[in-house]
Each structure stands twice: as structure tokens, then as C-alpha cells.
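Remarks on the overall topology
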Amino acid sequence: MTQNPSIPLSDLQPGDQGEVIQVQAQGQIRQRLLEMGFIRGARLRVEKLAPLGDPMELVIKGYHLSLRRDESACILVHRVA
Amino acid sequence: MSLTIALAGNPNCGKTTLFNALTGARHHVGNWPGVTVERRSGAFEQDGLSLEVVDLPGTYSLAARSEDERVAAQFLASPEVDLVLNVLDASNLERNLYLSTQLLELGKPVAFVLNMVDDAENRGVHIDVAALETLLGGPVIPTVGNRAQGIPELKALLAVLARGESTRCRRITVDYGHDIEGELAKLETEICRDEKLEATMPPRWLALQLLENNAEAKRRVAESHASEAISQQLTKSFAFLEPHLGADGATLIAERRYGFAHGLVKEVATAPDEGRTPTARLDAVLTHRWLGIPIFVGILALVYSVSFILGKIPQDWIAEGFKALSDFAGAHLPAGELTSLLVDGVIPGVSAVIVFVPVIMILMGCIAFLEDTGYMARAAFIMDRLMHVMGLHGKSFIPLIMGSGCNVPAIQAARTIESRQDRLITILVTPLVSCSARLQVYIVIAGTFFTPFKAALAIIAMHFLGLGLAVLMGRVLRSALFAGPSSPFVMELPPYRLPVLKATLIHMWEKGSVFLTRAGTTIFAGATLIWFLSRYPGIANQEWTAQYQEQRQAVAALKLPGAEEEDRLRALQLAHESRIVNTSLAARLGQKASPLLRPILDPDHKRAEAWKDVIALTAGFVAKEIVVSTMAVIHQASDEPKPGERLSPLQVSLRDNSGLSPLTALAFMVFTLIYTPCLGTVAMIRREAGSWGWAGFTIAYGLVLGWGLAWVTVAAGRALGFA
């Protein structure tokens, strides 16, 4: 199986799907992201960007969540077709 | 016999609606000790038992990092709690179960409510309740909170559980796998060396938090005499687990918890239907790239109009009612200290409190409605980029805008911001937003010293200045007070739901009554103090009172036509009041303090009446609109224009006698905008920020900033050649 390269979540475009590899943030943000479901292997889909371009809306674990670029840049994902 | 049930669950799981359904309208609303998180409790009777329900703040976790989580975790661990009732959103089961895995570790009996089963069914998710009960090891009651479905069953179950007659609560915990369980056991052994530590919370729960690198848990351990042994074991556990399992403790534990939740959901629930949900269809419009912002602005305009234009109607009734009461009392009671206390102190004081209630209730009702429908999260989503640049949160936008109507409910509206830092900053900068009461001062001053066009321009400039300063102070406070990373913006966009009218009404009532009882006393006390300062010692001068009575009788003896007599009497009254106020403690204070304001309001040191500004501004501390009525008294000129004239007698007097120039008048407006929040706002800051310190800080920085900017106005104006 060929793995797609790992990219930050912030690089995904609306409509793209991804799979979480790792949360690179530290401390409080890291714990919060883990609790919200950003664990290894979790599937997510980017829904849209806010009208001003940030934050992004995505679906993970069946619910909708919004993240700022600051946070989404430190989550590594594979793009999934 | 009385038992305490803690209601725990994620935000947006319908917990509060369920709480209302369980306890009816019998609530007690307060704050948790030491923090500004609302504590709601209520009780209900079932089968002769009295059951106390405490609604915990909605949290995704018990990791005790935010104020909300700390409150929830502490209360759940306390011996006060007999039973935990975990509310689960059936349409979002997996993420909701993450919290359940933590609740199960607390060692208390846990019962579950599967709420909003109708939403789940609509999405094609069918849940096998019996299987869920088995896997969770506790009774599960399906409910639809907003239609009170399942509530009688739930009450009956809670009574049975409370009596301890049920054996349905078994202890189930997540299995973290051989390696982690091994390390947990070792940590537990070390923790149990300290009996006191062991008694405060289950050792396994503490061990888990340590492996997650939780700061609060580490702090607890640091206080223990076994701390060295525990830390050593923790270092060893990390050294073993990380290379062995390829991730740190926090990741591993979160993975196992989600593993448990995921497995459970697969076992008991069917997968949701493919296709767009109603929420997705609504969001396609409401958070649309081009339509999102115009729609948001429209909704905001609607909320603003309903609150401040519609809300102004009952507000005017209240103000007029109290004015009539005070006039009536003034006309029928003998002039003197007690009458003045009643007419100029107590009645306006009570009025200053009650007048806020309609606006607070309406605005809070609107905000609760937006919050409960799920739109508030979208509003934050839409505005966050802009607000983030300003060092604030997307949810700060609504309080700031509402501040231009009235700062008091705007500060209350900041409750919707979860992060304490963001909330505090929003609360502290909201008073800079120019409110409608300050507008009345601008109208009088600008109308006196500028042409109508320039006056309008100056007034608009004040509003922009206020907003600009709020933004600037937001950035300054963020970097000065909360250095370090800002709180993460990880916000759920919950499904849209139709709110329950009853819940909104209860919420409005709570906000109104909390304001009356908590902020009301402060406002009332402050108003009375200002009355005292501005009336003594003159009000106690028997001679003056006698003279005033004689003059009145002399006018009455003239038997003038009704209207003319009234005018004369009013002029006498104004003269009498003016005499009292202009010799009062406040006036003496004004004379002493006027050098402080000289650089901004009297740069050439030519104004004989500069001290009068100080009295007016001091009185404005009660409420900004009082600046105008106080000026009318101290300048002995009515603030109501005679028919056919553009300027009121007060404005004429200001123009001809006060010595203010257009430039210093502008400086006066700038200073009025910033110098201090009114008493109502101060009382609300004290309540919402949780300490007098923050309220004092807001007054202090306002005075300094206001003085500074007024000075800049004068200096820049003079440099540009304006007088």
C-alpha cells in the first residue's frame, strides 16, 4: 500500500478527506485536540473555510468542529481519496 | 433523606433542558466558590424522597484545565455527590462517550440518559438501549429532553438508585491494555502510600491523569509526602511506555478511550444515513462564503433593534414612572433632608437599577435563543478571523456590538465565551464601547459647540474611537496580562435545534433577577453615596430651606396664571438646588480636583467654572446620562429647549458662561467616553470577572486612558491651530 505523504491539516482543501497521523502541538492544545478525537487513524473531512478564510470547519468522529489555522497547522494527516 | 445527583455531560447535549425538566422552575442559581462559573441546582420529590440535582458546566473532559472542567472534576470527586447522571447526545454518541470513560473512573455509581433519541432516529441512527446498558454497566434511560419524553421514567429510576435498591450499577472501566494497565497498577501502589491522597480521589483516576501529564494532578502529588516515589515511578512509566507503544501517555490514553467508545458505538448503534443533514443544508446558507457575513449582520441588527429599540419602550415607562413618583413626592413632602434623600437619592437610585432590567432580559433572551439554536457557534466561526487579529475570540464580537446599546447586558453576554482569558479581556474592554447613555452627553455638548454637521461627525467619531480603543486595549491586555499561548479555538459547531421557549424564559428570568439582587445593591449604594456628596452640607441648612419656602410662598401670593407660576416655581427650585450642589462636598472636591483636569479641559487656565465639570463627571459615575441633568442643576439652566429654539437654556449657558471652547468641548466628549464605566457596568464587571480588583482596574485604566486621550486631543488641536 502506498502511503500519501504526511501534510499539515491546514493544507487540506474543502472537500478533502484525511487521516490523522499525529498531533504535534504541546500542552493544553494537544490534550484538547486529543480529547476532541484527533487520535492516530481518525478520519476527518474538511467541510469549508469561514467567509474570511479562517477558521476551518471539519467533520471528525461524526460531529462538526472548527479549528483555527494555528491549530490545524500542527496536526499531521495523510490525504485520503 | 436527601441525595445529591450530579448532572454531567458535553456542551450541547441538552443537559440544561433536562435539568429544567427534572426540577421544574425551582432553581437556585449562584456561582461555584471562587470562580465565575454558574452553579445551578434544584430539587424534585419522588416516592417520598427529596433529590437534589446539580447541573455541572458542560465539558468534553474532566482533565481540569479550564475553569469549567476544574469545577466539574472537583465536584464529582467530592463526597457530596451520591450519583452521577451522565447525559449523552444520542446523535453524537462516540464523542460523548469519551467523557463517560472518565466518569466511570471516579468510582461513583453512574446512570446514563440517552438524550435526543429523536434526532438520532431522524439521522437513521438506531441505538440498542439494552446492549448499551450492558456495555456501560449502568442503567440507560432514553429521553427527548425538550419534549419531556422519558422524564417520569428517569425520575422513578433515580429514586430507586438513590435508595440503593438497584444492583444495576456495576463498575466498568476502560481496559487500557496490558502495558498501560501494568504501569497504572505500579503508580497506584505508590499513590496508596499516602492515605490522605488516596482518600481524595480514586488512585486509578489519579494515576491516569499523571500518565496524561496533567498539571493539576501533578500539583496534587507535589503536596503529598509520597511525591518523590510517585514521580520516580512516573518517570519510569514514561520511559517504558513511550518507546514501547510509540506515543506519549496522553495520546495512548486518549486512543484507548476512543477505542472503547468506538467499539461500543459499533456494537449498539447503526451507522447514520448518507446524505446531507438539515444542519448541513442550513449551514450551506448561514456560513456561506458570501452570504454568511450579510446574514450575520442582519441577525445582529435584528437582535440589536429588539433589545435596544423595543426594550427602550418599557425602559421609558419605568424611567417616567419613577420620575413621576419622585416629582409627586417632591411636591407633596416638605423640603428637607429626608425628602431629598427620597426624591434625589433613593427613587433615582432604584430607578437606575430597575431601568436596566427590560433590556437585560430581552438581550439575554435573544442570546440564549442564538446559543440554544446553535447559531452562536456559527457567528463565532464567521467573525473569528477578524476578532483573532484583535486578540479576541469570535464570540467576543456580539458583546462588543451590544455594548453600543448598553455596556451592562453586553458584559453579561460575554458569558458565552468559554475561555476565561478571552472572556475577561472582552469584559474589560467592553466599557470602551460608547453606549446610548453617553450619546446623550455628546448630543448636548456637540450641539452646543459645533454646527449640526460637525456635531454629527464628532458623535460618530466618538463611536469609532470607542471601538478602536476596545480593539487596541484587547491587544494590550492580551500581551500584558496573558503572555504565552492564547487558549485554543477548538469549537464544536453543534447541530441546529429548535430551542424550548420555557428554557429561554427561565434563562431570561434568571439573568434579570441575578442582576437585581447582585448588581442592584451596588448600584443603589453608589447612587446614594453620590447623592450624599452632592447634597451635603447645603441640604441640612435650615436657613436656606426657610428662604426657599418663603420665596415659594411669595410667588404663590402673586396669584400668577398657572403656567407662569409653574415656571417661576421651577426656576426657584433650580436656584435652590444649584445653591446646595454648588456648595456641596462634591463641589469642594471639584475645586480641589479641577487642577487635575486643567490640562485637558482648561489648558489656558481661564475658566472660572472648570470645577463644575468635576461635579457633573462625578455624578456621571452613577449613570452617564446623569451628567446632563447634573449640569442643568449646577449651571442653573434647564436642559429642555423652549419651543422654537434649537439650544436648550443649559446649552446657551454652557456656550456663554462655561468657558469651554470647541476644542475643549471635544476633549470633554473624549473624556466622557472613556473616563469610567457607570456604576451598573462596574457592578456587572465585579460580578462577571469575579473580583472587585478587576472592577477597580477598569475604572483606573479608564481614568488614565481618558485623561491621556483628552490631552492628546487638546494638544493636537492646538498644534493644528484650533483654539
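Note that the structure is a prediction, hence the values are computed from the model and not measured.

Of regular secondary structure, chain B possesses 33 helices and 8 strands. Each principal axis of the C-alpha atoms in chain B carries an extent, and together these give about 100 × 60 × 55 Å. Put simply, chain B has 723 residues, and 48% of those count as buried. Sequence separation of 24 or more characterises 73% of the internal contacts of chain B that already satisfy a separation of 6 or more.

Each partner contributes residues to the interface: chain B has 31 residues there, and chain A has 29 residues. Here the element with the most residues in the side of chain B that touches chain A is helix H18 (residues 375-389) of chain B; it accounts for 6 residues. The pairing of strand E5 (residues 63-67) of chain A with strand E8 (residues 490-492) of chain B spans 3 bridges and is antiparallel. Its bridge partner being in E8(B), Leu65(A) is matched across the sheet by Glu492(B).

Moving on: the nonpolar core. Residue and element names in this part refer to chain B. If you look at the biggest cluster of nonpolar residues, it comprises 224 residues, and the most contacted ones within it are Leu7, Ala379, Val622 and Met669. By residue number, the principal contributor to this core is helix H17 (residues 357-373), which donates 11 residues. When residues are assigned to domains, this core turns out to be shared by domain 1 (2-162) and domain 2 (178-268), each giving three or more. Each residue touching Ala379, except ones within four places of it in the same chain, is listed here: Phe296, Leu370, Phe397 and Ile398.

Residue and element names in this part refer to chain B. Burial analysis of strand E6 (residues 110-115) places 6 of its 6 residues in the buried class, which makes it a mostly covered element. What you see with E6 is no split at all: Val110, Phe112 and Leu114 on one side and Ala111, Val113 and Asn115 on the other are buried throughout. In this fold, strand E5 (residues 83-89) hands off to helix H3 (residues 93-103), which returns the chain to E6; that crossover is right-handed. Here E6 pairs with strand E7 (residues 140-142) via 3 bridges, running parallel. Its bridge partner lying in E7, Val113 is registered against Ile141.

Right, let's talk about the domain arrangement of chain B for a bit. Often, the extent of an interface is quoted as the loss of accessible area upon association of its parts. All names here are of chain B. The domain boundaries assigned to chain B delineate domain 1 (2-162) and domain 2 (178-268). For domain 1 versus domain 2, the separation of C-alpha centres amounts to 26 Å. Taken together, the contact between domain 1 and domain 2 spans 17 residues of the former and 18 residues of the latter. Secondary structure elements with two or more residues in the side of domain 1 that touches domain 2: helix H2 (67-77), H3 and helix H5 (129-136). The greatest single-element share of the side of domain 1 that touches domain 2, amounting to 5 residues, is contributed by H3. Tallied by class, the residues present in the side of domain 1 that touches domain 2 amount to 11 nonpolar, 2 polar and 4 charged.

It is worth spelling out the environment of Gly41(A) at this point. All names here are of chain A. Structurally, the position occupied by Gly41 is in the loop between helix H1 (27-35) and strand E3 (43-49). Sequence separation of Gly41 and Glu19 is 22 residues, and the distance between their C-alpha atoms is 5.5 Å. Residues in contact with Gly41, not counting those within four places in the same chain, are Glu19 and Val20.

In this section: the sheet that holds E5(B). Residues and elements named next belong to chain B. Taken in spatial order, the 7 strands line up as E2-E3-E4-E1-E5-E6-E7 in an open sheet, and their pairing is mixed. Both edges of this open sheet fall to strand E2 (27-31) and E7, since each of them pairs with a single strand only. Taking the axes of each pair of neighbouring strands and ignoring which way they run, one obtains an average angle of 25 degrees across the sheet.

The subject of this paragraph is the sheet that holds E5(A). Spatial strand order, E1(A)-E6(A)-E2(A)-E3(A)-E4(A)-E5(A)-E8(B): 7 strands in an open sheet with antiparallel pairing. Where the open sheet ends on each side, the last strands, each with one partner, are strand E1 (6-8) of chain A together with E8 of chain B. On average, each strand axis in the sheet is tilted by 40 degrees relative to the strand beside it, whichever way the strands run. Where E1(A) and strand E6 (residues 75-80) of chain A come together, 3 bridges link them in antiparallel fashion.

All names here are of chain B. Examined bridge by bridge, E2 and strand E3 (residues 38-46) share 5 bridges and lie antiparallel to one another. Paired with Asn31 across the bridge in E3 is Glu38. Taking the residues between adjacent antiparallel strands as the criterion, E2 and E3 are bridged by 6 residues, where Gly34 takes a positive phi near 80 degrees.

Rules and cut-offs
Residues numbered from 1 in each chain as written. Chains lettered and ligands numbered in written order. Predicted model: local features only at pLDDT ≥ 70, side-chain atom pairs only at ≥ 80, totals over all residues. Helix = DSSP H or I, 4+ residues; strand = E, 2+ residues; numbered from the N terminus. Buried ≥ 20, exposed ≤ 12 C-beta atoms within 10 Å, placed from the backbone. Contact = placed C-beta atoms within 7 Å. Pairing = 2+ DSSP bridges. Core = buried A, V, L, I, M, F, W, Y, C linked by C-beta atoms within 7 Å. Domains from an automatic or database assignment. Right-handed = clockwise from strand over helix to strand, strands pointing away. Nonpolar A, V, L, I, M, F, W, Y, C, P; charged D, E, K, R; others polar. Axes fitted to C-alpha atoms, helices over the stretch in contact; angles between N-to-C directions.

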